Amino acid sequence: MTRTLISGGLVVTAADELHADVLIENGTVVALALPGRHHWTADRVFDASGKYVVPGGVDAHTHMELPFGGTFASDTFETGTRAAAWGGTTTIIDFAVQSKGASLRAGLDAWHAKADGRCAVDYGLHVIMSDVNESTLREMPGLIGEGVTSFKLFMAYPGVFYSDDGQILRAMQQAADTGGLVMMHAENGPAIDVLVEQALARGETDPRHHGEVRKALLEAEATHRAVQLARVAGAPLYVVHVSAREALAEIAAARDLGLPVFGETCPQYLFLSTDNLAEPDFEGAKYVCSTPLRPKDHQAALWRGLRTDDLQVVSTDHCPFCFKGQKELGRGDFSKIPNGLPGVENRMDLLHQAVVDGHLTRRRWIDIACAAPARMFGLYPRKGTLAPGADADVVIYDPHAPHTLSAATHHMNVDYSAYEGRTVTGRVETVLSRGEVVLDRGQYLGRPGHGAFLPRSTCQYL
């Protein structure tokens, strides 16, 4: 039996803040107590005086090794989960991709093979449904029974991942009947393709045009349509990577009606903008993702949505492509730039900076980064909180330590940082995953294969 004691810190969860000591046995939190109110002994003691003690982060939207645009996301499950740990994230949920014409099972098996034995932290899987038909619809209940309880559909990318409204409705009906949660990439793909073709015909080839053709109104229109299809199906809906205030307004209106509609945004939409897409000498390609970055004046609406709980979760949509050799595939044609940004290592720090800047409270930081994603995807209270019985996924966080985000010092397998040169206040000091020390004061102690697959229950907000 291994006993670990974390003493003297300010324990911050989504519900409480209190100075407490945390006792861990065999990978599980077994007790919290006020300092001086116990006589615990332990094999290993961490002094967290002056620091926060918080749950490990839960990043519910990552894409390790994702095939896209003729290439692959540059982080493997090994490198990506190691980087996650460096940033205080101890659980990821990645996406298994169903290939057109193949089964959901084949896609899930392929992603299990990628991840098994390679992850430094725990992981779950969603399934991307790119071919909705009678056969794949029949597979959904079995996968839910195995703990794969969420299914992503795309209103974008015709010919790749796109589903039409009829297919979406049928998948939502099946989810409503079986307890699944549909995750929606809400952009009007066919309309965007027309605008892309027209822009390229006019000679508008630079990265900034990626943001200009993927219009906020087409994100809002698709979000509205997804909400109405979910209403018809009687299904819950989770809209991924909300970037535009008009799309957020559709989610807020649905929630005002009492509908089970949920929204996620990402750090890139809170901290970056179309100014980055417009950087000269093709540097803007580093910031090409979908949904795209928006003008800065959208950020205030997204922060407000996080404070009012119209947006419940901040995930990264971590999908890194190197600038050299990958993003460069789109030189002369923005539509060929692989879509995606690195970020799994930066999320907890950027959201703590939002606490420093007054956008969020400490408890809301932990809610949107840890507790809410765990609840949304059936992992709470095993993940996302510090309470007796929870996995001992614990981060000792120094809220006063400044550091500068840079590709020179990050651990993601990508040759640039989307936040290069940005100084943030707050830094991960120590990370435990199921009681095992993965990181301590700048020394990485983790290993591939420690991370375990997490079967999940259904959405706990329903």
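Quick look at the structure, then.

About the thresholds
The numbers attached to residues start from 1 for each chain and follow its sequence in the written order. Only residues with pLDDT of at least 70 are given local features in this predicted model, and only at 80 or more are side-chain atom pairs given and counted; all residues enter the totals for whole chains, interfaces and linings. Side-chain numbers come from the whole structure's heavy atoms, not from hydrogens or water. When a carboxyl oxygen of Asp or Glu is within 4 Å of a side-chain nitrogen of Lys or Arg, the pair counts as a salt bridge. In this text, helices come from DSSP runs of H or I with a minimum length of four residues, and strands from runs of E with a minimum of two, each type numbered from the N-terminal end. With a 1 Å grid spanning the protein atoms alone, the term cavity applies to any set of points in which a 1.4 Å probe fits but cannot get out, the term pocket to an open set with protein on both sides within 12 Å along at least five of seven lines, and the term lining residue to any residue with an atom within 4 Å of a point. Grid points are joined across faces, edges and corners, and a volume is the space filled by probe spheres set on the points. Put simply, Ala, Val, Leu, Ile, Met, Phe, Trp, Tyr, Cys and Pro go in the nonpolar bin, Asp, Glu, Lys and Arg in the charged bin, and everything else, Gly too, in the polar bin. Only buried residues count toward a nonpolar core. Its members are Ala, Val, Leu, Ile, Met, Phe, Trp, Tyr and Cys residues joined through side-chain atoms within 4.5 Å. For every residue, the accessible area (1.4 Å probe, protein chains only) is compared with the maximum for its type, and the residue is labelled buried under 20%, exposed over 50%, or partly exposed between those bounds. Contact definition: two residues touch when any of their heavy atoms are within 4.5 Å. For two strands to be treated as a pair, DSSP must find no fewer than two bridges joining them. Here, axes are lines fitted to C-alpha atoms. For helices the fit covers the stretch in contact, and angles between N-to-C directions go from 0 to 180 degrees.

## Considering the pattern of salt bridges
Counted by the stated rule, this structure contains 32 salt bridges. Among the salt bridges present, the one from K296 reaches D275, with a minimum N-O distance of 3.6 Å. Of this pair, K296 sits in the loop between α10 (274–277) and α11 (299–308) while D275 sits in helix α10; the two residues are 21 residues apart in sequence, bridging distant segments of the chain. One network of salt bridges, with partners in common, ties together D122, R382, K383, D391, D393 and R434.

## Section: empty space enclosed by the protein
Under the counting rule described, the total for this entry stands at one cavity of 30 Å³ or more. Estimated volume of the largest cavity: approximately 150 Å³. H63, Y157, S290, D317 and N339 are the residues nearest the centre of the largest cavity, which is lined by 16 residues in total. In the lining of the largest cavity, the residues fall into eight nonpolar, six polar and two charged.

## Looking at the nonpolar core
Core analysis: the largest hydrophobic core is formed by 136 residues, its most contacted members being M172, M184, L237, Y238 and W365. Apart from residues no more than four positions distant in its own chain, Y238 is found in contact with L181, V182, M183, M184, F262, E264, V313, S315, M376 and F377. Judged by nonpolar contacts, the second largest core, of 15 residues, contains L386, A392, V394 and V437.

## Looking at the sheet that holds strand β11 (residues 150–154)
Reading across from one edge, β6-β9-β10-β11-β12-β13-β14-β15 is the order of the eight strands in this open sheet, with parallel pairing throughout. A single partner strand is all that each edge strand has here, and the edge strands are β6 (57–62) and β15 (313–314). As paired strands, β11 and strand β12 (residues 181–185) are joined by five bridges and run parallel to one another. Note on β12: the bridge partner recorded for K152 is M183. Contacts from helix α7 (residues 216–233) reach β12, β13 (237–239) and β14 (261–265), with the element oriented near 170 degrees to β13.

## Structural notes on α11
Those residues of α11 that fall on the buried side of the exposure criterion are Q299, A301, L302, W303, G305 and L306. Each element contacted by the buried residues of α11 is listed here: α8 (245–256), β14, α9 (267–271), β15, α12 (347–356) and α13 (362–376). Within two residues after α11, D309 carries a phi angle of roughly 70 degrees, on the positive side.

Any functional reading would require information that these geometric values do not contain.
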